[in-house]
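# Close look at the chain arrangement
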4 protein chains.
Amino acid sequence: MAGNTFGKCFKIMTYGESHGSAIGVTIDGCPAGLLIDANGIQHDLDRRRPGQSNIVTQRKESDTAEILSGIFEGKTTGTPISLVIYNEDQKSKDYSHIADKYRPSHADFTYQQKFGHRDYRGGGRSSARETAARVAAGAIARSLMKTVGTEVFAYVSQVGHLTLDKLPHQIDPVEIDKNAVRCPDQATAAEMETFIKTVRKEGDTVGGVVTGVIKGCPVGLGAPAFDKLHADLGKAMLSINACKGFEYGSGFAGVSMRGSVHNDVFKKVHGQIKTESNHSGGIQGGISNGMDIYFRVAFKPVATLMKSQTSVDQTGEAVQIEGKGRHDPCVVPRAVAIVEAMAALVLADHFLIARGDIL
Amino acid sequence: MAGNTFGKCFKIMTYGESHGSAIGVTIDGCPAGLLIDANGIQHDLDRRRPGQSNIVTQRKESDTAEILSGIFEGKTTGTPISLVIYNEDQKSKDYSHIADKYRPSHADFTYQQKFGHRDYRGGGRSSARETAARVAAGAIARSLMKTVGTEVFAYVSQVGHLTLDKLPHQIDPVEIDKNAVRCPDQATAAEMETFIKTVRKEGDTVGGVVTGVIKGCPVGLGAPAFDKLHADLGKAMLSINACKGFEYGSGFAGVSMRGSVHNDVFKKVHGQIKTESNHSGGIQGGISNGMDIYFRVAFKPVATLMKSQTSVDQTGEAVQIEGKGRHDPCVVPRAVAIVEAMAALVLADHFLIARGDIL
Amino acid sequence: MAGNTFGKCFKIMTYGESHGSAIGVTIDGCPAGLLIDANGIQHDLDRRRPGQSNIVTQRKESDTAEILSGIFEGKTTGTPISLVIYNEDQKSKDYSHIADKYRPSHADFTYQQKFGHRDYRGGGRSSARETAARVAAGAIARSLMKTVGTEVFAYVSQVGHLTLDKLPHQIDPVEIDKNAVRCPDQATAAEMETFIKTVRKEGDTVGGVVTGVIKGCPVGLGAPAFDKLHADLGKAMLSINACKGFEYGSGFAGVSMRGSVHNDVFKKVHGQIKTESNHSGGIQGGISNGMDIYFRVAFKPVATLMKSQTSVDQTGEAVQIEGKGRHDPCVVPRAVAIVEAMAALVLADHFLIARGDIL
Amino acid sequence: MAGNTFGKCFKIMTYGESHGSAIGVTIDGCPAGLLIDANGIQHDLDRRRPGQSNIVTQRKESDTAEILSGIFEGKTTGTPISLVIYNEDQKSKDYSHIADKYRPSHADFTYQQKFGHRDYRGGGRSSARETAARVAAGAIARSLMKTVGTEVFAYVSQVGHLTLDKLPHQIDPVEIDKNAVRCPDQATAAEMETFIKTVRKEGDTVGGVVTGVIKGCPVGLGAPAFDKLHADLGKAMLSINACKGFEYGSGFAGVSMRGSVHNDVFKKVHGQIKTESNHSGGIQGGISNGMDIYFRVAFKPVATLMKSQTSVDQTGEAVQIEGKGRHDPCVVPRAVAIVEAMAALVLADHFLIARGDIL
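First, a word on scope: everything that follows refers to the structure included in this document. (Residues numbered from 1 in each chain as written. Chains lettered and ligands numbered in written order. Predicted model: local features only at pLDDT ≥ 70, side-chain atom pairs only at ≥ 80, totals over all residues. Heavy atoms only, no water.)

Scanning chain A from N- to C-terminus turns up seven helices and 19 strands. Rg of the C-alpha trace for chain A: 21 Å, near the compact-globule value of 21 Å for 359 residues, within the 12% margin. Residues counted as buried form 69% of the 359 residues belonging to chain A. In the form shown here, chain A has an accessible surface area of approximately 10,600 Å², with 51% of it arising from carbon and sulfur atoms. Counting 41 positive and 39 negative side-chain charges, chain A places the averaged centre of each group 1 Å from the other. (Helix = DSSP H or I, 4+ residues; strand = E, 2+ residues; numbered from the N terminus. Rg over C-alpha atoms; globule rule 2.2 N^0.38 Å. Buried < 20%, exposed > 50% of the residue type's maximum accessible area, 1.4 Å probe, protein only. Areas by Shrake-Rupley, 256 points an atom, 1.4 Å probe, with all protein chains shown as cover. Lys, Arg positive; Asp, Glu negative; His and termini not counted. Charge placed at Lys NZ, Arg CZ, Asp CG, Glu CD.)

With that settled, consider the interface of chain D and chain C. Counting residues at the interface gives 112 residues for chain D and 113 residues for chain C. For the pair chain D and chain C, the summed buried area comes to about 8,300 Å², and 61% of that belongs to carbon and sulfur atoms. On the surface where chain D and chain C come into contact, there are ten salt bridges. Residues Arg 258 of chain C and Glu 202 of chain D are paired through a salt bridge, measuring 2.4 Å at the closest nitrogen-oxygen approach. Our count for the contact surface shared by chain D and chain C stands at 52 residue pairs in polar contact (both at pLDDT 80 or more). Residues that form the side of chain D that touches chain C fall into these classes: 44 nonpolar, 44 polar and 24 charged. Examined bridge by bridge, strand β12 (residues 243-248) of chain C and strand β12 (residues 243-248) of chain D share three bridges and lie antiparallel to one another. Counterpart to Gly 245 of chain C in the pairing with β12 of chain D is Glu 247 of chain D. (Contact = heavy atoms within 4.5 Å. Buried area = accessible area lost by both parts, 1.4 Å probe. Salt bridge = Lys/Arg side-chain N within 4 Å of Asp/Glu carboxyl O. Polar contact = N/O pair within 3.5 Å; in protein donor to acceptor, adjacent residues only side chain to side chain. Nonpolar A, V, L, I, M, F, W, Y, C, P; charged D, E, K, R; others polar. Pairing = 2+ DSSP bridges.)

Under the counting rule described, the total for this entry stands at 31 aromatic pairs over all chains. Ring centres 6.0 Å apart and planes at 55° place the aromatic pair Tyr 102 of chain A and Phe 266 of chain B in the tilted group. Here Phe 266 of chain B lies in strand β13 (residues 266-269) and Tyr 102 of chain A lies in strand β8 (residues 101-102), a pairing that spans two chains. Given the relative accessible area of 2%, Tyr 102 of chain A is considered buried. Connected via pairs of aromatic rings, a cluster forms that spans Tyr 102 and Phe 109 of chain A together with Phe 266 of chain B. Its end group placed over the ring of Tyr 248 of chain A, Lys 244 of chain B keeps NZ or CZ at 4.0 Å from the ring centre. (Phe/Tyr/Trp six-rings, centres within 6.5 Å; stacked < 30°, edge-to-face > 60°. Lys NZ or Arg CZ within 6 Å of the ring centre and 35° of its normal.)

The transformation that overlays chain A on chain B combines an axial shift of 0.0 Å with a rotation of 180°, and the residual RMSD is 0.0 Å. Both copies of the chain, as the preceding transformation shows, are related through a two-fold rotation axis. A share of 99% of the interface residues of chain A reappears at the interface of chain B, consistent with the copies meeting face to face through the same patch. (Least-squares fit on C-alpha atoms with pLDDT ≥ 70 in both.)

Taken together, the contacts link 113 residues of chain A with 113 residues of chain B. In total, chain A and chain B occlude about 8,400 Å² of area from one another, counting both sides; carbon and sulfur atoms represent 61% of this. Among the ionic pairs, Lys 235 of chain B bridges to Asp 227 of chain A, the shortest N-O distance being 2.6 Å. A per-class count over the side of chain A that touches chain B returns 45 nonpolar, 44 polar and 24 charged.

That bond from Pro 224 of chain C to Ala 225 of chain C is cis: its omega, 5°, falls within 30 degrees of zero. Tracing the backbone through its elements, the reader meets Ala 225 of chain C in the loop between β11 (208-215) and α5 (229-238).

With that settled, consider helix α3 (residues 131-146) of chain D. Every α-helix carries 3.6 residues per turn, so stepping three or four residues along brings you back to the same face. With 16 residues, α3 of chain D extends 22 Å from end C-alpha to end C-alpha; this agrees with the ideal 22 Å at 1.5 Å per step. The buried fraction of α3 of chain D amounts to 14 of the 16 residues, a majority that puts the element mostly inside the structure. (Expected span 1.5 Å × (residues − 1).)

Here the focus is the relation of the copies chain D and chain C. Look at the two chain copies: a rotation about an axis and a shift along it is all it takes to match them. Each copy of the sequence occupies a distinct position, and chain D is placed on chain C by a rotation of 180° and an axial shift of 0.0 Å, giving an RMSD of 0.0 Å. Both copies share a contact surface, since 100% of the interface residues of chain D are interface residues in chain C too.

Here we take up the sheet that holds strand β7 (residues 81-86) of chain A. Residue and element names in this part refer to chain A. Sheet architecture is open: five strands sit in the order β1-β2-β3-β7-β4, paired in antiparallel fashion. Taken across any chain shown, the strands that pair with only one partner, and hence form the sheet edges, are β1 (5-6) and β4 (65-69). Pairing of β4 with β7, which is carried by four bridges, proceeds in the antiparallel orientation. What sits directly across from Ile 67, in β7, is Leu 83. Each of β4 and β7 is contacted by helix α1 (residues 38-48), which is oriented at about 135° to β4, the strand it contacts most. (Axes fitted to C-alpha atoms, helices over the stretch in contact; angles between N-to-C directions.)

Per the counting criterion, the structure on display carries 108 salt bridges over all chains. In this structure, Glu 61 of chain B and Arg 59 of chain B form a salt bridge, with 3.1 Å as the shortest nitrogen-oxygen distance. Each member of the pair, Glu 61 of chain B as well as Arg 59 of chain B, carries the same accessibility label: buried. Its salt-bridge partner being Arg 296 of chain D, residue Glu 247 of chain D comes within 2.5 Å of it at the nearest N-O pair.

Further remarks concern the sheet that holds strand β3 (residues 22-28) of chain B. All names here are of chain B. Taken together, the five strands give an open sheet; going across it, the order is β1-β2-β3-β7-β4, and neighbouring strands pair in antiparallel fashion. Here the strands that pair on one side only, and so sit at the sheet edges, are β1 (5-6) and β4 (65-69). Direction of pairing for β3 relative to strand β7 (residues 81-86): antiparallel, over a ladder of six bridges. Directly across from Ala 22, in β7, lies its bridge partner Tyr 86. Against the sheet, helix α1 (residues 38-48) touches β4 and β7, its axis set at about 135° to β4.

Note that Lys 114 of chain D resides in helix α2 (residues 108-115). Of note is the side chain of Lys 114 of chain D, whose polar atom sits 2.7 Å from the backbone oxygen of Gly 220 of chain C. A polar side-chain atom of Lys 114 of chain D sits 2.8 Å from a polar atom in the side chain of Asp 357 of chain C. Setting aside anything within four residues of it in sequence, one finds Lys 114 of chain D in contact with Gly 220, Leu 221, Gly 222, Pro 224, Ile 287, Ala 354, Asp 357 and Ile 358 of chain C.

Turning next to the packing of α1 of chain B against helix α7 (residues 332-353) of chain B. All names here are of chain B. The geometry of α1 relative to α7 is characterised by a closest axis approach of 7 Å and an angle of 140° between their N-to-C directions. Contacts between α1 and α7 involve Asp 44, Arg 47 and Arg 48 on the former and, on the latter, Pro 333, Arg 334, Val 336, Ala 337, Ile 338 and Glu 340. Its residues assigned to classes, the contact of α1 with α7 shows four nonpolar, no polar and five charged.

Attention now goes to the side chain of Ser 280 of chain B. Turning to its location among the elements, Ser 280 of chain B is positioned in the loop between β14 (272-275) and β15 (283-284). On the accessibility criterion, Ser 280 of chain B (2% relative accessible area) is buried. Polar contacts involving the side chain of Ser 280 of chain B include one to the side chain of Asp 264 of chain B, which spans 2.6 Å. Once residues lying within four places of it in the same chain are set aside, the contact partners of Ser 280 of chain B are Ser 105 and Lys 244 of chain A together with Tyr 248, Gly 249 and Asp 264 of chain B.

All names here are of chain A. In this sheet, strand β14 (residues 272-275) lies alongside strand β13 (residues 266-269) in antiparallel orientation, the contact comprising four bridges. Paired with Lys 268 across the bridge in β14 is Ile 273. Linking two consecutive strands that pair antiparallel, namely β13 and β14, is a turn of two residues; a positive phi of about 50° is found at His 270 within it.

So, on to the state of the cysteines. The tally for this structure, following the rule as stated, stands at zero disulfides over all chains. Cys 330 of chain B provides the cysteine sulfur closest to Cys 183 of chain B, a residue in no disulfide bond, and the two sulfurs are 12 Å apart. Its sulfur unpaired, Cys 217 of chain D is 15 Å from the next cysteine sulfur, which belongs to Cys 9 of chain D. For Cys 217 of chain D, a relative accessible area of 4% puts it in the buried group. (Disulfide = S-S within 2.5 Å.)

Here we take up α1 of chain B. Residues and elements named next belong to chain B. Three or more residues of α1 are buried, namely Ile 41, Gln 42, Asp 44, Leu 45, Arg 47 and Arg 48. Buried-residue contacts for α1 involve β4, β7, α3 (131-146) and α7. For α1, the N-terminal capping position is held by Asp 37, with its side-chain oxygen 3.0 Å away from the main-chain nitrogen of Asn 39.

Here it is as structure tokens:
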């Protein structure tokens, strides 16, 4: 039983390898009647695309999504929506030199052990190229959530040791895409960009944190006991390549707070019940409470280095892995689009799931 | 569509409210032929049980699990295993005074909004009492994993600001249950215990961190792209009441490392391929690589305080919530058993899932 | 991966063996706010119960369902509903004489082969006793469907060679329970009853057909391409013990009709679009069209005979199986309640599934 | 929640409309290491293809499947296998004249009611064109089952009133494809072919029965209580367009047999436990017993006629539907490939499901 299916009601199945002929996704469960703007899908894909700036990989992919089904006269029909992105750059390189070697901190070893053989070209299915399909599907999920006023955005809040000194509610989303890093504070972004370039020059890589924010989430999304909204958001984020951690609301910092400080006091504001603080991160008992949802996603440094590394081959013999090719020195600028997509997919799923809540 | 079902191959469905007649779980998918020791189930339940020490809630529950099906002549038959725990303490208290009030940072408000009404007695289904069923099922999952040499243990590594100064590979699991906190360093445990008592005396509560460790995990568990082993571990942990964050391997700290330092170099040790460091936390590309798996789970301070708090009722009118009853000042000592159970459930599920990997 | 879970949105998991301590079911996904009448559950169970008439097994079971969770103040809360039925008759008999024998056309051989060992007491999990849990859950599904005006009933339309000479739309459901056979024509019922008694006297058994009817089904239930409404009804019925076939609408007889005769012509009736004939059986393209749904379910003769039969033991050696105990000579009188329950479960599931159809 | 996903371990998701740009399928869960022969996929598609003989629709589609992912160096990698079939004939016709009309016994009315709008071009998703994707996936499932010696074949056993006078065990599969009808008796096939042509000349259509046979099925497939092997086979067949009924083993005819005749007596043959008769149809208690599995699938007459029919439009006004285009007078010759594909998909799924049965 493989794990390339995500979601219960708004369900997606993705496919495709880094250097196969195509990657793609089918959405089974998008309600009928949703207006689809192909440009919206492309806009999100462009934010994840290689080659978009000088601090990301220069692999050449236009990442154009073709719609194969499910949309008629501009609207979803309630039947499966299939999106395909043909790989353009898949034959440009000879990967035979690493076919029997295990790159450190990649999935080469584990795929080989699990499946008995593997597509060694650029990591095959384990490549983050797979996430383009998620972004395409996420764009449709986002459209669905926009119909009920829900907005999802994400931004880079940390690169290596450099951290953004602003809280989620202080962010103006308009600032995010004004720089290549996707940090919504232009001064911090500039520092981060310089840092990334320095690291790259050293042939090295560095990690980062992406913060996600959901505004206007309907009250009542999330299905206890296991499918709590933050549990599904966490799984979604942790399933993104290179992700090492997830926290929401007060997160790990909340551990050292007292309950009397951490508790979010309810009050009536303009006839609606709100909380004064929001350490809950918009989710209580696993269910959205109408306040902003915010969460942080940790990404490790990219495993592919532009320097030589020691490793072993399939027989366990010591080998050198040469650093070459076109790789990201830091994933977070491109990961922003993926985090948004996965958040939108979780929301769309729970939005439909919640339709069964009450008689 | 509710979310009380967990797992795909080793699947559980739990039920029960804090003050209903019983809580329980059915396991659908445990392989036939597994020897079941009812004492093992009880042993795990006792570690989660109220009243087990003077730093946890004194609610009176013996938490005895009765096996209703699925086991014959001491072994699983391959049919569903049903475990029920009758509630003994469910009628001892009048909850009508909070029936229409929303306790801060509890699920009262969200359940009411989502379902239209709610079982207000002790939180009903949103109570952490629900996790006893998980622990019972987890004991059977643990037995299954023991047959392939996999051991799961967890311990308290932080209470409030107090942190344990040892890394996962330095822990001797024998030390964990030697104190009421379940911190495997006795001196740190004593400090933590004193601190918890101080906080309780103030009528307040505090958070903590539980670290989980899995030793002897078979290579190859975890199903990319979405059902990565750490993604399912993350979801499992985040689904536990009061959980605010999850990280594995280098986690959030890995963000500020360079790739050249973070990468785990492969080498051959006694004929087997191992990694020198283990920032990957035993999982690469979402698949176990045979090294120790370790992860950290953040728990917020308990929302129920022994002091009066301001809140609102269902109409939004301001009310006072009086602190009374028997509650935990800090959840982590009891959460240890829940973290272990959820980890065992994820492993058992992926152990069976992986059987379909290769022809 | 076991198969004791049914439904996607209105999901049930059943457990229990014929001679274990209890059987039961948990429903995960029943919407909140549904009024539950415990008498309604018992009423359906009583129609499936052993000992209810002199043409069914005389095993002694009161089949009383206890509600363990999910209902508060008379209404569903949206949390799992657990129903347990304790077995009363489980220790009355020694089954060791058949522990290593394979009864003909029972599941003894296949369970043994599949699971390595088996609960041989009265068939264990393979016993039709398991269906009591379905009936209990079905009663709640039926209540849910009644809120939208959908009625489900079933009746015996054939016993052995004796067939009821009435079409589904000619049936008055009030007539069904007026006789022990549950055939809605009293004269035919009397013939069937006499025939069943004759067969029983010979120590033999006979098969039958149950016809199911659904009136007032909302238009639009059923999810193409695979989860067509009739496909899920078919699976539900085929999963009942002893079922050998399922057909709906014109069924197998429709094969020899011409399209020009078989096609159901649309017309407007009192402002609503209806069909003149109903060979479609209320389902077109897998989706309910608002007309009556009707289907037929074939049950084979009961495998347990009151006469001696030749068989083999686990080593393949020839043995005699002696006929004894308390068994049904024909399952259909009791199967009526099971067919209704499974139909209600499918409808409740698709009723909730369909909530995601349109924006 | 849509229903375009089938299977649990060997899981497929299909997409595509009759006149959209493509139809296709993704398989999530095929084990790694399976040799894939693209010709085998094409061979099965050709047997379902339009235009293959003069008694089927003359729509022009080469139905060539392109493999987009999941196969590397001729073998499956354990990652999703995506197969796409581009539609070639999709723009040849103007469907606007039926855009607001409901064709009798088609899915036009129910799709419109369910989804609010529909793709009216050739039936859109409700067209049997969708089944080409199933056949492509089925070819891979068949390859998987061949590795354990399981063979699946199907044949036409009835067209209208004309029935094949041979039992499943008397069939030589080599005879099936020797005629356009796919009836394995050449004389009966000739009669059926003549009859189909007569019916077509009248502008009419007729139904038929396809019999499926599975030889060499491993003992132990099928997961009680709900996912019995025959229940999943039944659902699979009933989900095929135009299917009205399913029976296996003795089926509806078994109803009128006595238990003493119907029971299959076990005996030891060449050291293996077999049954003398096979009224069980190779499945007992929902689990395969190693004997041949056989079943019958009823298909109604094609709804599209080459004569004028009365119907209504969306407002309920009476309209005439003119018969034109290229349609099958009888679906069974092409349905043979679909029945085989669905059977293979069920077997592959249960083959993997059963891997979790025993410790």
